[in-house]
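# A closer look at the structure
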There are 2 protein chains.
Amino acid sequence: MNNISIIGAGRSAGACIDYILDQSVEKNWFVTVADADPELARARVSGYPNGKPAWLDVLKTNDRRDLIERADVVVSLLPAHLHLEVAHDCIKMKKHLITASYVSQEMYRLGDEARDRDLIFMGEMGLDPGIDHMSAMKQINDIKARGGEITAFRSYTGGLVAPESDDNPWHYKFTWNPRNVVLAGQGTAQYLENGKHKYIPYSRLFKEYRLIDVPGMGEFEAYANRDSLLYREVYGLSDIPNILRGTLRHRHFCEAWNALVQIGLTDGSYPILESERLSYHEMMEGYLSRAQGSGSVKERIARLLGESVDSAVMQKLEWLGLFRKKKIGLANATPAFILEQLLLEKWKLQPKDKDMIVMQHEFEYTIDGEKKESASTLVMRGKDAENTAMSKLVGLPMGIFVKLVMEGKINSTGVNIPVMPEVYEPVLQELETYDVKFTEREVSLS
Amino acid sequence: MNNISIIGAGRSAGACIDYILDQSVEKNWFVTVADADPELARARVSGYPNGKPAWLDVLKTNDRRDLIERADVVVSLLPAHLHLEVAHDCIKMKKHLITASYVSQEMYRLGDEARDRDLIFMGEMGLDPGIDHMSAMKQINDIKARGGEITAFRSYTGGLVAPESDDNPWHYKFTWNPRNVVLAGQGTAQYLENGKHKYIPYSRLFKEYRLIDVPGMGEFEAYANRDSLLYREVYGLSDIPNILRGTLRHRHFCEAWNALVQIGLTDGSYPILESERLSYHEMMEGYLSRAQGSGSVKERIARLLGESVDSAVMQKLEWLGLFRKKKIGLANATPAFILEQLLLEKWKLQPKDKDMIVMQHEFEYTIDGEKKESASTLVMRGKDAENTAMSKLVGLPMGIFVKLVMEGKINSTGVNIPVMPEVYEPVLQELETYDVKFTEREVSLS
């Protein structure tokens, strides 16, 4: 095995491609980097003798198959909905496949076929999902090996702006898909508390955040993810009475985001009619009714939210420009899209800004009748807007895993996520050489 | 022209099919009634010499085309998403098409092809949409003909239970698609007030209802529909500063439905995990957090809603059985589906129950500088659970329109909704012979 095809060379693909190309000379790998934009692919491989760019429209079946045919291992950095076509080709042509995306039900259904052909299809091999699975499993298996019975597992991840680059009242900048940030949490979050199912509907999600203490960093706010229960079985925690996955934000973010939710600005389901003719001010006025009485739009929005007009929340709304008489200038746009476009500008990472990833797992367990509590925490900063901690932590695990497969060190087959020791142990170990280190602390409560 | 094919013979199709079959002997029409259930089709035509049943799986292209081929006019009573296939066949085989469903963008795109072939594709030919368009257009054109300038148009429709059959605390029973009732209003309602765009997000929709006075019937609650602005152009009201379409409910419905929305029970986007193992009581408890303190689940839900524990709203929730320890017994069910299944039983129309349709249009306009206000109102009761006002008012307009087309009285071509005098005048006139009568009243405000 010495051929790797990487599909997708967009901005978030840098760290993964760089890792693989860095290894390619020594390991004698030949690496094809394919993208719809041939310039992008060329730029990515530039300077690497074993790297070759390719121009690929992934929807052109024959071109896609040619690319996959020449590889032993395929890395798909495409948007999630495009992986399945690639996966079918990989089954047909007997190629291993690696992605950072959530594994869909359709993908899981290819498990038997992949296993029959001795192939590994590894999904969720990025940061969240990815490093979260690996670092949690290491802790879980470690506690179990010591005879511990785990009674609570809570896991929090945030893609944030580093405090030294935090210069806006929201204490947030985009480091990943803005659309997902705007629509986050719609539906109902589910988790387990004291053995009981708990639900938080979207309308209360950003009110019912909890405060998480991160050593050396202070407190963060965490709101619950939709999918806390999904990994119980695969983590070996089927009967655990407490399980929660959450998303971290800097302090005072959630109450302000909740204001946007309550006003109605995160609805992505229906376009605002004649949105191109309206100003932000007119749009905001549109959400008001007689119940808010008279006064300026800002005063009435404050009343709608139960805020004083100069509260921290209202200052955040004002800073976004929501009360300005500037035209929205977007036709047929949903409120969520209008908000996203506004935030894109306001929450843009500036060239020298550093982002910061915070991940923390919290466990409660008993060993020999003694109640214990432990936490393991990763805090990592990026270098600048181009070299973010986010892209590094999404890309490196894929790169390292590709190496393990190329070296024949992976025996697992079928459709998987990285929860097995033969994957998480070498990947976490090598990540440490890139300063991706979890610090652990343990306290006894009894 | 003497052949009619009716596709779909389900429960809601009765009034339309009966009307057409009743006319078929005198007019010498041959009517084929097709359904996936051949018994249903047979029962519908039973006793009518010119009626013929057919067994049709509408997704089987050849069978569907055979059925359409033999008709001059096709009536599609299928679920809305299945009309388009039928419409393409009708284009190909040059047949007129009539439905009661909302006309989709894809359907409108067939307009030129239909017009080129001298065909009429009439959609929204039921009650709401249907009779609402026709009765509104009659009023609008009447006011305009008298030189009036319309400054406000508000239109309300409700499919309700008649007061004499109203024996539950919600004052509501299902007379139409229960799923649509449970999911109603999700997204953002948009309308115009004093020339300004107004938005009501779902989270406030059932709080911000208005009270509508219906002569002889008292007050009803109306919540805003999503689509108030859609018909401005086609109604000839492009520059109107006030336009609103709303849905009517009996008094005290909206505040209680709002409680279900606030709890989170109308979310249809994600299944409750392990829903088959839970009781209603456990599900309700799942929505509570520490913020509601201690006490029984009922007490804490009351606290969540800001209600006293024995309030009218809480009594309605209790009456539904939401606090019972009975198992839900539905696997992989969303909150909305669990609620729908519960309501199906609780809000079922009993055999002798009468339903009631209320439709009211309200206009403000000026004639010769004088400000005027008028309203036109339809109140109609059904006979029993089998012969509902709902099915009659949805089916009769289609039946009458089929007759007009068969008699060559319709000159319009293309894809349409019933806003033209050549359609609404004869249809409304004949509807009066079935006691479908609007009463009009006019007041001068100046």
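Residues numbered from 1 in each chain as written. Chains lettered and ligands numbered in written order. Predicted model: local features only at pLDDT ≥ 70, side-chain atom pairs only at ≥ 80, totals over all residues. Heavy atoms only, no water.

### Concerning the pattern of salt bridges
Heads up, the rule is: Here, a salt bridge means any side-chain nitrogen of Lys or Arg that lies within 4 Å of a carboxyl oxygen of Asp or Glu. Working definition: helices are DSSP H or I runs of at least four residues, strands are E runs of at least two. Numbering for both runs from the N terminus.
On inspection of all chains with the given rule, the structure shows 54 salt bridges over all chains. The closest approach of N and O atoms between D112 of chain B and R115 of chain B, which form a salt bridge, is 2.6 Å. Separated by 3 residues within a single helix, D112 of chain B and R115 of chain B lie in helix α6 (residues 111-116), roughly one turn from each other. Among the charged side chains, a network of salt bridges with common partners joins R64, R65, E85 and D89 of chain A.

### Here's the deal with the domain arrangement of chain A
All names here are of chain A. What counts is decided by this rule: Where each domain begins and ends is defined by an automated method or by a domain database. Residue contacts follow a heavy-atom distance rule, with two residues in contact if any of their heavy atoms lie within 4.5 Å. By buried area we mean how much accessible surface two parts lose on assembly, using a 1.4 Å probe and totalling the loss over both. Distance and chemistry together define a polar contact, namely a pair of N or O atoms within 3.5 Å, with one atom able to donate a hydrogen and the other to accept it when in protein, and with adjacent residues in sequence counting only for side-chain atoms on both sides. In the scheme used here, Gly and all other residues not listed as nonpolar or charged are polar, with Ala, Val, Leu, Ile, Met, Phe, Trp, Tyr, Cys and Pro taken as nonpolar and Asp, Glu, Lys and Arg as charged.
The domain architecture assigned to chain A consists of domain 1 (3-126 + 394-432), domain 2 (131-256 + 350-389 + 437-444) and domain 3 (271-333). Summarising the inter-unit geometry, the C-alpha centres of domain 1 and domain 2 are found 27 Å apart. At the interface, 18 residues of domain 1 touch 16 residues of domain 2. At the boundary of domain 1 with domain 2, total buried surface from both sides reaches about 1400 Å², with 67% on carbon and sulfur atoms. The largest per-residue losses of area from domain 1 upon contact with domain 2 belong to V419, Y424 and L428, which jointly make up 34% of the total buried on that side. The interface formed by domain 1 and domain 2 includes 0 salt bridges. Summed over the shared surface of domain 1 and domain 2, the number is 4 residue pairs in polar contact (both at pLDDT 80 or more). Mapped by element, the contributors of at least two residues to the side of domain 1 that touches domain 2 are α15 (389-406) and α16 (421-432). Broken down by element, the side of domain 1 that touches domain 2 gets its largest block of residues, 7 residues, from α16. A per-class count over the side of domain 1 that touches domain 2 returns 13 nonpolar, 2 polar and 3 charged.

### Side note on the sheet that holds strand β6 (residues 120-122) of chain B
Residue and element names in this part refer to chain B. What counts is decided by this rule: Whether two strands pair comes down to DSSP finding at least two bridges between them. Axis lines are fitted to C-alpha atoms, over the contacting stretch for helices. Their N-to-C directions set the angle, which ranges from 0 to 180 degrees.
Taken together, the 7 strands give an open sheet; going across it, the order is β3-β2-β1-β4-β5-β6-β15, and neighbouring strands pair in parallel fashion. Two strands close off the open sheet at either side, each with one partner strand: β3 (51-55) and β15 (414-416). Across the sheet, the mean angle separating the axes of adjacent strands is 20 degrees when strand polarity is ignored. With 3 bridges joining them, β6 and β15 adopt parallel strand pairing. Note that in β15 the partner of M122 across the bridge is N416.

### Regarding the sheet that holds strand β4 (residues 73-76) of chain A
Residue and element names in this part refer to chain A. Overall, parallel pairing links the 7 strands, which are arranged β3-β2-β1-β4-β5-β6-β15 in an open sheet. Either end of the sheet is taken by a strand with one partner, and the two such strands are β3 (51-55) and β15 (414-416). Sheet twist, expressed as the average angle between the axes of neighbouring strands with direction ignored, equals 20 degrees. Relative to strand β6 (residues 120-122), strand β5 (residues 96-98) runs parallel, the two sharing 2 bridges. Opposite L97, over in β6, you have F121 as the bridge partner. Helix α1 (residues 14-27) contacts β1 (3-7), β2 (30-35), β3 and β4 of the sheet and is inclined by roughly 155 degrees relative to β2. Those strands touched by helix α4 (residues 83-93) are β1, β4, β5 and β6, and its axis lies near 160 degrees from that of β5.

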